[in-house]
Amino acid sequence: MNIKRAIWVGIAVYLVSFFIGLIVMTLAGINPADTSEIPNSILYVNIFITIIIAALFTILYLKDKKIEANAKEGLFFGLVLIVIGFVFDIVIFAIASATTANKQSLIDYYSNPVFWAALILFLATTTITAANIKRKK
């Protein structure tokens with residue numbers, strides 16, 4: 001695993017997913033600052049988009065010929081992305097709670113079963129995508 005490359009690609013995954021999620025919520029007329037009012041239908045749309053982004057960025061991560069494309073690499077890459085996501089979530093929730101009247105609860109966000117289903121799908125996506133990359137010999 002190229003951890004440095006995985007971190008940079010992971011940051012890009014988070015930022016792209018975050019901004020697309022904000023756009024989806026804004027277009028749906030939802031206040032992104034209030035995570036308690038986000039309907040499940042919007043969560044499902046954002047999960048679907050994030051899964052597609054994860055697959056595309058897994059392919060980008062594996063463009064480096066020094067990185068072996070296999071399920072193990074995809075799983076480890078997915079785990080790096082999850083760690084990066086947790087770190088960014090903690091920072092964003094802390095900033096949002098400190099700067100808005102709405103006190104955001106990271107525990108409430110993470111206690112949603114939809115979040116955990118998405119996390120499993122996310123890991124499965126990076127693993128399956130990496131396992132199915134065919135390299136030219």
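Use the structure listed above.
To keep things clear, this report deals only with the structure shown in the data block. The shown structure was predicted, so the numbers you read here are calculated from the model rather than taken from an experiment.

Cut-offs and rules
Residues numbered from 1 in each chain as written. Predicted model: local features only at pLDDT ≥ 70, side-chain atom pairs only at ≥ 80, totals over all residues. Heavy atoms only, no water. Helix = DSSP H or I, 4+ residues; strand = E, 2+ residues; numbered from the N terminus. Buried < 20%, exposed > 50% of the residue type's maximum accessible area, 1.4 Å probe, protein only. Lys, Arg positive; Asp, Glu negative; His and termini not counted. Salt bridge = Lys/Arg side-chain N within 4 Å of Asp/Glu carboxyl O. Polar contact = N/O pair within 3.5 Å; in protein donor to acceptor, adjacent residues only side chain to side chain. Contact = heavy atoms within 4.5 Å. Core = buried A, V, L, I, M, F, W, Y, C linked by side-chain atoms within 4.5 Å. Phe/Tyr/Trp six-rings, centres within 6.5 Å; stacked < 30°, edge-to-face > 60°.

## Overview of the side chain of Glu73
No. 1: Residue placement: Glu73 occurs in helix H3 (residues 71-99).
No. 2: It turns out Glu73 is buried and unbridged, and the closest side chain with the opposite charge, Lys72, is 7.5 Å from it.
No. 3: A polar atom in the side chain of Glu73 sits 2.6 Å from the side chain of Tyr61.
No. 4: If sequence neighbours within four positions are ignored, Glu73 has contacts with Met1, Asn2, Tyr61, Leu62, Ile67 and Glu68.

## Regarding the nonpolar core
No. 1: Among the nonpolar cores identified, the biggest contains 24 residues, and Val9, Val13, Tyr61, Leu62, Phe77 and Phe122 are the most heavily contacted of them.
No. 2: Among the secondary structure elements, those contributing two or more residues to this core are helix H1 (3-27), helix H2 (40-61), H3 and helix H5 (113-131).
No. 3: Setting aside residues no more than four positions away along its own chain, Val9 makes contact with Phe57, Tyr61 and Phe77.
No. 4: Listed in part, the five residues of the second largest apolar core include Val24, Ile30, Ile38 and Ile42.

## Examining the packing of aromatic side chains
No. 1: All told, the structure shown has eight aromatic pairs when counted by the stated rule.
No. 2: Seen from their ring centres, Tyr61 and Phe77 are 4.3 Å apart, and the 10° between their planes marks the pair as stacked. Residue Tyr61 is found in helix H2, and its partner Phe77 is found in helix H3; the two are separated by 16 residues along the sequence. Comparing Tyr61 with Phe77, the two get one shared label, buried.
No. 3: Arranged with centres 6.5 Å apart and planes meeting at 55°, the rings of Phe86 and Phe115 form a pair that is tilted. Here Phe115 lies in helix H5 and Phe86 lies in helix H3, a separation of 29 residues in the sequence.
No. 4: Using a relative accessible area of 27% as the deciding quantity, one classes Phe86 as partly exposed.

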